[in-house]
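# Structural characterization, general
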Amino acid sequence: MTKDSVFGMSVSAIQTMLRERSVSSVELTETFLERIAATNESLNAVITVCAEQALEQAQKADAAISRGEYQSLTGIPILHKDIFCTQGVRTTCGSKMLEDFVPAYDATVVTKMKAQGAIMLGKCNMDEFAMGSSNETSYFGTVKNPWNLDCVPGGSSGGSAAAVAAGMAPLVTGTDTGGSIRQPASLCGLTGLKPTYGRVSRLGIIAFASSLDQAGPIAHTAEDCAIALSAMSGIDPGDSTSADIPVPDFHSALNTQIDGLRIGLPREYFNESLDDAVRDRVMAALAELEKAGAILVDIDLPHSHYAIATYYVIAPAEASANLARYDGVRFGYRCKTASDLEDLYLRSRSEGFGEEVQRRILVGTYALSAGFYDAYFNKAQQVRRVITDDFHRAFEQVDIIAGPSAPGVAFPFGAKQVDPVAMYMEDIYTLAVNLAGLPGLSAPAGFIDGMPVGIQLIGKPFDEQIILNTAHRLQTDTDFHMARPTLQGLTS
Amino acid sequence: MSVTPSDIEKVALLARLAIAETDLPDVTERFSRVLSLVNELNTIDTDGVIPMSNPHDMEQRLREDRVAHPSDREALMASAPAQQDGYFLVPKVID
């Protein structure tokens, strides 16, 4: 193995090498740790590196492999978004509020992936409390997009996506409340999957909006996402919203046969407001699927337009309740020399939270406050049902729904920072999927001026398999997912 | 519906956030932009629609009522910014 050859390799390819004993997990782990050391100063994708712990885990993996014992991720180095609690390892959620927070337990996702033999290299940068679409709200600084260092990687799982694109790890975890896996996957040329709400346990994931949050994988290929999804999923007694539904082996069930698959194209996603270049790439990817036997069907999601307004009531409202726990008393940042308890609350929160987080807490508090609850929160929950019903009606005609993942490619730093609403529009094609609790995947669909574009595939509840199959077929017939950024001048 | 700086101050107090006087105009202006975005909800008729509080209209699953593994109190308390004898310390509340 030459060291450079593993950077950008898929999980399944690395798995084969491990099983053939052409590389050991310790060698892999050392190599990826070196890669992080060489590139992170420029990219800032990783907040915390766990070298010692990773090498220990890798030694155990090698011992297991030598005994012929394999789990689905045995020996594979991964990174977790810094929103997943990791026992004994600082978990910041991208916030000053949790700068020194060391959790006493692992998130269920972390436990499950560890049990499958994954090696945790460290924790990825992210927008503060997952609120943002550019990774610019992180207290730990912006993350650079490996495809163009002047551009954002997307967000909120921006560090996770940049890490895979830069070859720091073949697989990372992310979370997606309104598009935070799919949009950065799109902007960094990767495959990212937001599972059905309830598929993956939320225990130990620092809460943003509890009825929308889901964790999922970001990797190079749909095949790798399939491997990771089975490892992450399943009912958890610690999360009463985790679904009591069997978890298939998504990987062994992968099937490129999509003859007769009905793909719905919402008119509302392909209307005149869609960027022409994005439309071209998405339509070209759809044409490939059509060649493979899929049938494209125009459909209507007539209330799509309301998704953004609905989301920006529900998500901030739930966030304002979830973030009430940060009071400077039990854990997290505490202001210096508080004069009384009220002062302690006020200053710990104002000093500990950044601007976007405070804005969403204010909006959410307003929407839930006396006199406005019915006009905003209740109303938004009603519209949420109307939007969800649109999807269910559409799924009577089609098997999956396709559209763009994001309105454009990665944009320069600062471009959307002045007007919060301009940033919120980044998730215009992804938000509704969270409101309806559906699985959604973004896969590479080509490039515009050298920057990646994604196609989004949306499935019925708990039918991740069909969107994984469709993306896998696309990746069998095209090679957009094989492209890697050059990282010129970045690595020694 | 538009908001004034004094509305923002009231909401901020409810949320236990202190907004500096100098930041108030900017905070109000950006808050208003978000509010005009969400005010679009007023243009759709939802009479009779049952509010949806979670995606699959899930029923709350109850666990069996039995003693489970206790949390590690010491490990959890270790995250507290100030503590003594297993209690969280806060500024004096009663004189």
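Shown above is the structure to which this text applies.
For the structure given in this document, a descriptive report is provided here.

What counts and what doesn't
Residues numbered from 1 in each chain as written. Chains lettered and ligands numbered in written order. Predicted model: local features only at pLDDT ≥ 70, side-chain atom pairs only at ≥ 80, totals over all residues. Helix = DSSP H or I, 4+ residues; strand = E, 2+ residues; numbered from the N terminus. Rg over C-alpha atoms; globule rule 2.2 N^0.38 Å. Contact = placed C-beta atoms within 7 Å. Nonpolar A, V, L, I, M, F, W, Y, C, P; charged D, E, K, R; others polar. Core = buried A, V, L, I, M, F, W, Y, C linked by C-beta atoms within 7 Å. Buried ≥ 20, exposed ≤ 12 C-beta atoms within 10 Å, placed from the backbone. Pairing = 2+ DSSP bridges. Axes fitted to C-alpha atoms, helices over the stretch in contact; angles between N-to-C directions. Parallel < 35°, antiparallel > 145°, perpendicular 65-115°, else oblique. Expected span 1.5 Å × (residues − 1). Arc of directions from axis to C-beta.

## Brief notes about the overall build of chain A
On a plain count of helices and strands, chain A comes out with 15 helices and eleven strands. For 492 residues, the compact-globule estimate of 2.2 N^0.38 gives 23 Å, and the C-alpha radius of gyration of chain A, at 21 Å, lies within 12% of that figure. In terms of principal-axis extent, the alpha carbons of chain A reach across some 65 × 55 × 45 Å. Sequence-distant contacts in chain A: of pairs separated by 6 or more residues, those separated by 24 or more amount to 76%.

## A look at the overall build of chain B
The helix and strand tally for chain B stands at three helices and two strands. Going from N to C terminus, chain B has its helices and strands arranged as α-α-α-β-β. Its C-alpha atoms give chain B a radius of gyration of 22 Å, clearly above 12 Å, the size a compact globule of 95 residues would have.

## A look at the environment of A:Ala118
Residues and elements named next belong to chain A. Among the structural elements, Ala118 can be located in the loop between helix H4 (108-115) and strand S3 (119-124). Each C-alpha atom, one on Ala118 and one on Ile76, is 5.1 Å from the other, the two residues being 42 residues apart in sequence. Each residue touching Ala118, except ones within four places of it in the same chain, is listed here: Leu73, Ile76, Ile78 and Met113.

## Concerning the interface of chain A and chain B
Taken together, the contacts link 56 residues of chain A with 40 residues of chain B. Counting only elements with at least two residues in the side of chain A that touches chain B, the list comes to helix H9 (307-322), helix H10 (341-352), helix H11 (355-368), helix H12 (373-394) and helix H13 (420-424) of chain A. Partitioning the side of chain A that touches chain B into residue classes produces 29 nonpolar, 17 polar and ten charged.

## A word on the nonpolar core
With 164 residues, the main nonpolar core has A:Ile78, A:Leu121, A:Ala163, A:Ala169, A:Val313 and A:Leu362 as its most contacted residues. For this core, the element with the highest residue contribution is H9(A), accounting for nine residues. Once you skip the residues sitting within four places of it in the chain, A:Leu362 turns out to touch B:Ile8, B:Val11, B:Ala12, B:Ala15, B:Leu17 and B:Phe31.

## Focus: the sheet that holds S3(A)
Residue and element names in this part refer to chain A. Within the open sheet, the eleven strands sit side by side as S1-S3-S2-S4-S6-S5-S10-S11-S9-S7-S8. Their pairing is mixed. Pairing within the sheet leaves two strands with one partner each, and these edge strands are strand S1 (46-49) and strand S8 (295-299). For this sheet, the mean angle separating the axes of adjacent strands, direction not counted, is 30°. One ladder, built from four bridges, connects strand S9 (residues 400-404) with strand S11 (residues 451-458); its direction is antiparallel. Each residue of the ladder has a partner; that of Ile401, found in S11, is Ile458. Its contacts with the sheet place helix H8 (residues 276-291) against strand S7 (262-266), S8, S9, strand S10 (440-448) and S11, and it is angled at close to 115° to S10.

## As for the packing of H8(A) against helix H15 (residues 464-477) of chain A
Residues and elements named next belong to chain A. Running from N to C, H8 and H15 cross one another at 95°; their axes reach a closest spacing of 10 Å. By the angle class used here, H8 and H15 are roughly perpendicular. On H15, the residues that touch Ala285, Glu288 and Leu289 of H8 are Thr470, Arg473, Leu474 and Asp477. In terms of residue class, the contact of H8 with H15 is built from three nonpolar, one polar and three charged.

## Concerning H8(A)
In an α-helix, one full turn covers 3.6 residues, which means residues spaced three or four apart are oriented alike. All names here are of chain A. Between its first and last C-alpha, H8 extends 22 Å over 16 residues, near the 22 Å set by a 1.5 Å rise per residue. Looking only at H8, the buried set comprises Val278, Arg281, Val282, Ala285 and Leu289. In an axial view of H8, the angular spread of the buried residues amounts to 90°, which keeps them on one side of the axis. Along H8, exposed side chains directed more than 90 degrees from the buried face belong to Asp276, Ala287 and Lys291.

## Examining unusual backbone geometry
Residues and elements named next belong to chain A. The linkage connecting Gly155 with the following residue, Ser156, adopts the cis geometry, with an omega of 10°. Counting through the fold element by element, Ser156 comes out in the loop between S3 and helix H5 (158-165). With a phi close to 50°, Phe129 is a non-glycine residue in the positive phi region. Here Phe129 lies in the loop between S3 and H5. Its identity is not glycine, yet Ala130 carries a phi of approximately 65°, on the positive side. Summarising the element assignment, Ala130 is placed in the loop between S3 and H5. A residue is classified by how many C-beta atoms lie within 10 Å of it, and Ala130, with 31 of them, is buried.

## Remarks on H11(A)
Over its 14 residues, H11(A) runs 20 Å from end to end, which matches the ideal 20 Å to within 8%, given 1.5 Å per residue. Among the 14 residues that make up H11(A), eleven are buried, leaving the element largely enclosed by the rest of the structure. Every buried residue of H11(A) is accounted for by A:Val357, A:Gln358, A:Arg359, A:Arg360, A:Ile361, A:Leu362, A:Val363, A:Gly364, A:Thr365, A:Tyr366 and A:Ala367. Each element contacted by the buried residues of H11(A) is listed here: H9, H12 and H13 of chain A together with helix H1 (5-14) and helix H2 (24-38) of chain B.

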